[in-house]
Amino acid sequence: MRKLMTLLTIFFSSLTLVSFGQVKDGKVTGTVIDGSTKTIESATITLLRAKDSSVAKMSVADKTGKFSFDNVSEGSYMVSISAIGHEKGFSETFQVDATNSSVILKTIELIPVAKSVGGVTVTSKRPLIEQKAGKTLINVDASPTNSGLTALELLEKAPGVSVDNDGNISLKGKQGVLILIDGKPTYMSGADLAALLKNMQSNSLEQIEIMTNPPAKYDAAGNSGIINIKTKKGLVKGMNGTANAGYTQGVYGRGNAGVNLNYRNNKLNVFGGYNGGTWEGFNNLTIDRKLYEDKVVVRTIDQLSRPHFKGIYHNIKAGIDYNFSKKDVGGVVINGNFNTGDENPFSRTNIRDNAGNITSKLISEGDNTRKSSNLSTNFNYKHTFDSTGREITADMDYVYYNNKSNTQLTTMSYDPSDIKNGDAILRGTIPSVIKIYSGKIDYVHPFKSGLRLEAGLKTSFVNTDNQVSYLRNNNGSGWVPDQRSNHFIYDENINAAYAIFSKTIKKFEVNAGLRMENTIAKGHQVSNDSSFKRNYTNLFPNVGVSYAASDKHQFNLSYSRRISRPDYDDLNPFIFFLDSLTYGQGNPYLQPQFTNNFEFSHTFRKFLTTTLNYTVTNDIITELLKQNTEKNETYQTRENFSSMKQIGIALMANVPVRKWWNSNIYVNVFNNHYQGLYQTEPIDIQFTSLMANMTNSFTLGKGWGAEVSGWYRTKSAEGLLVANDMGAVHTAVTKQLFKKKATLKLGLRDVFYTQKFSGYAKYSDVDVNIHSQRDSRQVNMSFTYRFGKNNIAPERKRRSGATDEQGRVKSGGN
């Protein structure tokens with residue numbers, strides 16, 4: 001941990017030196033236009049030293065095509081300009097000195113690439129992290145060291161994103177992130193979503209979008225915002241693709257391999273891919289508990305559990321786009337995920353009296369197997385009315401999950417002298433089927449006045465059918481049905497409509513949206529013939545104002561109201577065992593939680609962004625630990641706690657420390673405050689926490705590159721659980737091969753083996769300490785080869801209608 005803090009100190013010091021040690025008087029300004037004299041927005045502007053073409057500064061053109069460089073030292077320079085869809089442009093060489101300290105360049109014209117070529121040559125390299133209005137973008141291919149990572153490992157490096165040891169994702173210290181893939185929900189959460197992201201390789205990913213206040217066209221779900229993971233599409237003429245293979249060694253080894261293929265001609269675009277591999281790991285879990293009666297400790301329980309898990313996964317994707325005319329395009333995309341896995345937890349538990357003497361011992365052995373399959377199909381269509389951007393799009397989705405689990409838990413009890421008292425075996429089969437249907441239509445209409453209208457409708461239908469059948473055998477007396485068997489059916493229909501108005505007024509950009517969602521739900525427990533019905537309608541406003549005060553200062557203010565509905569498995573009242581004294585149970589009486597988010601941000605010189613945020617969440621869905629003192633049991637469930645308030649400040653800086661060294665630094669300080677009642681007893685928990693991550697990229701020449709990255713989080717409140725400080729440092733080195741068509745990477749994750757979770761829950765009669773250590777220190781080697789043509793064409797954006805529902809499915813995983 002000291003080494004991580006030393007790294008943070010060094011790079012923050014570098015930031016200070018770069019910011020304050022190079023102040024000069026020169027200024028360079030100019031304007032860029034395209035061949036039709038229209039201005040080009042967001043062109044990449046590079047100030048080059050004339051003597052060796054080395055990079056002195058970088059900037060981005062504003063909405064009018066204007067750009068400027070301040071604090072330019074004396075010397076001879078030229079400007080290079082790149083923009084997607086245009087050939088690269090250059091200025092004449094010019095001099096900055098005492099007699100010519102303010103240089104105004106001639107207007108630079110970029111020539112559009114001829115359409116007859118059938119593709120657009122990408123001449124500008126995107127940065128690793130981009131800050132845009134309302135979103136942060138991570139360009140995966142911008143850093144060769146991203147090769148061989150999984151999607152979950154990429155998120156761990158993303159600004160403001162935190163991933164715990166179980167794969168749960170938080171954004172700016174808030175849980176409840178909605179994860180989308182290509183604008184579509186995953187319909188997963190918890191272990192299932194973590195398994196999917198662990199199995200998704202970076203070589204198949206294009207970009208990651210992080211939106212803390214998403215516009216009204218997105219589902220209102222997601223307490224802390226939306227993370228949209230964009231995969232690579234078949235968007236090149238002719239044949240194009242990548243092949244990759246990798247191997248990771250920690251305590252256990254795991255491998256992966258995949259291929260992505262794309263083919264495109266004038267009207268047809270066919271794309272597909274496969275990725276498969278193995279996974280294996282462990283979790284050393286220690287749980288210490290105190291049990292109270294009348295606020296006096298009567299017993300303690302110390303437990304050591306070591307789940308071992310392994311499995312195989314296969315992911316496939318296939319799609320086709322067809323241009324029926326210049327204005328009409330339709331497509332079909334099919335995704336499939338197939339997983340098999342085994343988990344064999346082993347636990348030793350000591351039950352002690354209040355003096356610390358052992359009164360009994362338990363040994364539990366589990367044998368769990370799981371098979372899961374998921375198929376999703378998306379039909380999409382887009383019609384473009386004219387060249388102004390007026391268009392209508394439609395999507396229809398069908399998603400099918402089929403999960404089958406078998407479990408057996410054997411518990412042997414002993415007295416303090418290790419004499420066996422008996423055993424009990426619990427055997428269960430747990431099938432689960434989830435079907436999701438959704439459809440949506442979106443319309444965009446720009447007006448001549450500059451006003452822009454976006455509107456749309458969506459409907460979705462979800463059916464979940466979950467069963468658990470338990471049999472019990474006590475001391476060899478024979479198998480009998482267990483009373484914890486259950487059958488739960490849940491149906492849900494969500495209907496939504498939205499409208500967004502946006503307009504640019506001089507230096508202001510204003511947008512206002514409103515989304516209405518109606519939810520109709522019904523749950524039925526077949527075993528005891530109990531049921532519930534819900535029908536509620538809510539409005540979700542979203543407002544944003546951006547102000548470009550100058551080239552140096554941009555401001556943004558936004559507000560949104562959001563909802564987080566319970567995950568489908570959290571509504572499921574089934575009991576799932578870790579051992580005989582520790583289990584999890586769903587809660588069919590959970591209600592949705594509602595959040596109001598406020599954000600204000602300031603961007604300085606397009607490299608330093610400061611964001612203030614304030615969030616209030618009511619009826620927050622909180623993970624709780626509960627205890628049954630009489631039975632010595634502790635179980636995990638979720639309930640609607642009263643409220644959570646958060647206030648925070650975040651800073652993000654992209655610092656070109658040297659020509660060969662770029663550093664991205666993110667720091668977030670926030671206070672989480674939970675207030676509510678637990679079994680009529682008031683609870684008040686709050687912590688002020690710091691979260692920081694940093695990525696340093698090094699271009700070493702001759703195709704070599706390196707990266708040193710790390711993250712650190714101080715003690716923080718995650719619901720009613722307090723997590724202690726935690727962090728990790730990662731390193732990697734890369735080499736470009738075969739004329740930059742291939743990348744070989746060697747990486748080491750969690751160098752100092754500090755990614756260990758520990759925490760505690762202390763409220764009412766609950767007093768639990770937890771420590772968890774996984775197989776986090778790993779050596780990884782990967783190889784990626786790119787083949788075929790690389791004249792990239794513009795991406796046809798595709799966002800399906802199944803945006804919220806997939807994010808609420810738990811179908812298991814490693």
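Residues numbered from 1 in each chain as written. Predicted model: local features only at pLDDT ≥ 70, side-chain atom pairs only at ≥ 80, totals over all residues. Heavy atoms only, no water.

Along the protein chain, the regular secondary structure elements total four helices and 50 strands. In the protein chain, once contacts between residues fewer than 6 apart in sequence are set aside, the share between residues at least 24 apart is 67%. Accessible area of the protein chain: about 36000 Å², with a carbon and sulfur share of 57%. (Helix = DSSP H or I, 4+ residues; strand = E, 2+ residues; numbered from the N terminus. Contact = heavy atoms within 4.5 Å. Areas by Shrake-Rupley, 256 points an atom, 1.4 Å probe, with all protein chains shown as cover.)

Here we come to the nonpolar core. The nonpolar side chains of soluble globular proteins are, as a tendency, buried together. Core analysis: the biggest nonpolar cluster contains 30 residues, and Leu155, Val161, Ile169, Leu197, Ile210, Ile227 and Ile229 have the highest contact counts within it. Among the secondary structure elements, those contributing two or more residues to this core are helix H2 (151-157), strand E12 (161-163), strand E13 (169-171), strand E14 (177-181), helix H3 (190-199), strand E16 (205-211), strand E17 (225-231) and strand E40 (643-658). The element best represented in this core is H2, accounting for four residues. Residues in contact with Val161, not counting those within four places in the same chain, are Leu155, Glu156, Ile169, Ser170, Leu171, Ile210, Ile227 and Asn693. Formed by 26 residues, the second largest nonpolar core is a distinct cluster that contains Leu625, Trp711, Val766 and Val768. (Core = buried A, V, L, I, M, F, W, Y, C linked by side-chain atoms within 4.5 Å. Buried < 20%, exposed > 50% of the residue type's maximum accessible area, 1.4 Å probe, protein only.)

A few words now on the sheet that holds strand E38 (residues 621-628). Strand-to-strand pairing in sheets goes through backbone hydrogen bonds, with the strands running parallel or antiparallel. The strand order E34-E35-E39-E38 describes an open sheet built from four strands, whose pairing is mixed. In this open sheet, the two strands that pair with only one neighbour each are strand E34 (575-579) and E38. Going from strand to strand, the sheet's axes swing by 25° on average, the running direction of each strand aside. In this structure, E34 lies alongside strand E35 (residues 582-585), joined through four bridges in antiparallel fashion. From the neighbouring strand, Phe576 faces E35, where its bridge partner is Gly584. (Pairing = 2+ DSSP bridges. Axes fitted to C-alpha atoms, helices over the stretch in contact; angles between N-to-C directions.)

Turning to the pattern of salt bridges, a few remarks are in order. This structure, assessed with the given rule, holds 24 salt bridges. Residue Lys361 is joined to Asp418 by a salt bridge in which the shortest nitrogen-to-oxygen separation is 2.9 Å. With Lys361 in strand E25 (residues 358-384) and Asp418 in the loop between strand E26 (391-414) and strand E27 (420-446), the pair connects residues that are 57 residues apart, well separated along the chain. Put simply, Arg638 and Asp570 hold a salt bridge, and the shortest N to O gap is 3.3 Å. Of this pair, Arg638 sits in strand E39 (residues 633-640) while Asp570 sits in helix H4 (residues 568-571), and the two are 68 residues apart along the sequence. In the salt-bridge network here, residues are joined through shared partners; they are Asp219, Lys458, Arg515, Glu517 and Arg565. (Salt bridge = Lys/Arg side-chain N within 4 Å of Asp/Glu carboxyl O.)

What follows concerns the side chain of Arg713. With respect to the helices, strands and loops of the structure, Arg713 is situated in strand E43 (residues 704-713). Engagement of the side chain of Arg713 in a polar contact is seen with the side chain of Glu718, the distance being 3.1 Å. Not counting residues up to four positions away in its chain, the partners in contact with Arg713 are Ser162, Leu690, Met691, Glu718, Ala723, Asn724, Asp725 and Met726. (Polar contact = N/O pair within 3.5 Å; in protein donor to acceptor, adjacent residues only side chain to side chain.)

It is worth spelling out the environment of Leu261 at this point. Structurally, the position occupied by Leu261 is in strand E19 (residues 253-264). For the pair Leu261 and Gly788, spaced 527 residues apart in sequence, the C-alpha to C-alpha distance is 9.5 Å. Setting aside its immediate chain neighbours within four residues, Leu261 contacts Asn240, Gly241, Val270, Phe271, Gly272 and Phe787.

Even without being a glycine, Asn71 presents a positive backbone phi close to 55°. Within the secondary structure, Asn71 is located in strand E4 (residues 66-72). Note on Asn71: relative accessible area 26%, which makes it partly exposed. In this structure, Lys739 is a non-glycine residue whose phi angle is positive, near 55°. Summarising the element assignment, Lys739 is placed in the loop between strand E46 (726-737) and strand E47 (742-749).

Turning our eyes to something else, we now look at the side chain of Glu633. On the secondary structure map, Glu633 appears in strand E39. Buried and without a salt bridge, Glu633 has Lys631 as its closest oppositely charged side chain, separated by 5.1 Å. Leaving out residues up to four positions away in the same chain, Glu633 has contacts with Ser580, Leu581, Tyr583, Lys626, Gln627 and Asn628. (Lys, Arg positive; Asp, Glu negative; His and termini not counted.)

The next subject is a nonpolar patch on the surface. There is a patch of nonpolar side chains on the surface, built from Trp660, Leu700, Trp704, Val733, Phe738, Leu744, Leu746, Val779, Met781, Phe783 and Tyr785 and spanning about 990 Å² of accessible area. Going through the elements one at a time, E47 and strand E50 (778-788) are the ones with two or more residues in the nonpolar patch. For the nonpolar patch, the element with the most residues is E50, which contributes four residues. Mapped onto the secondary structure, Phe783 falls in strand E50. (Patch = residues over 30% accessible without salt bridge, like charges linked within 9 Å, V, L, I, M, F, W, Y side chains within 5 Å.)

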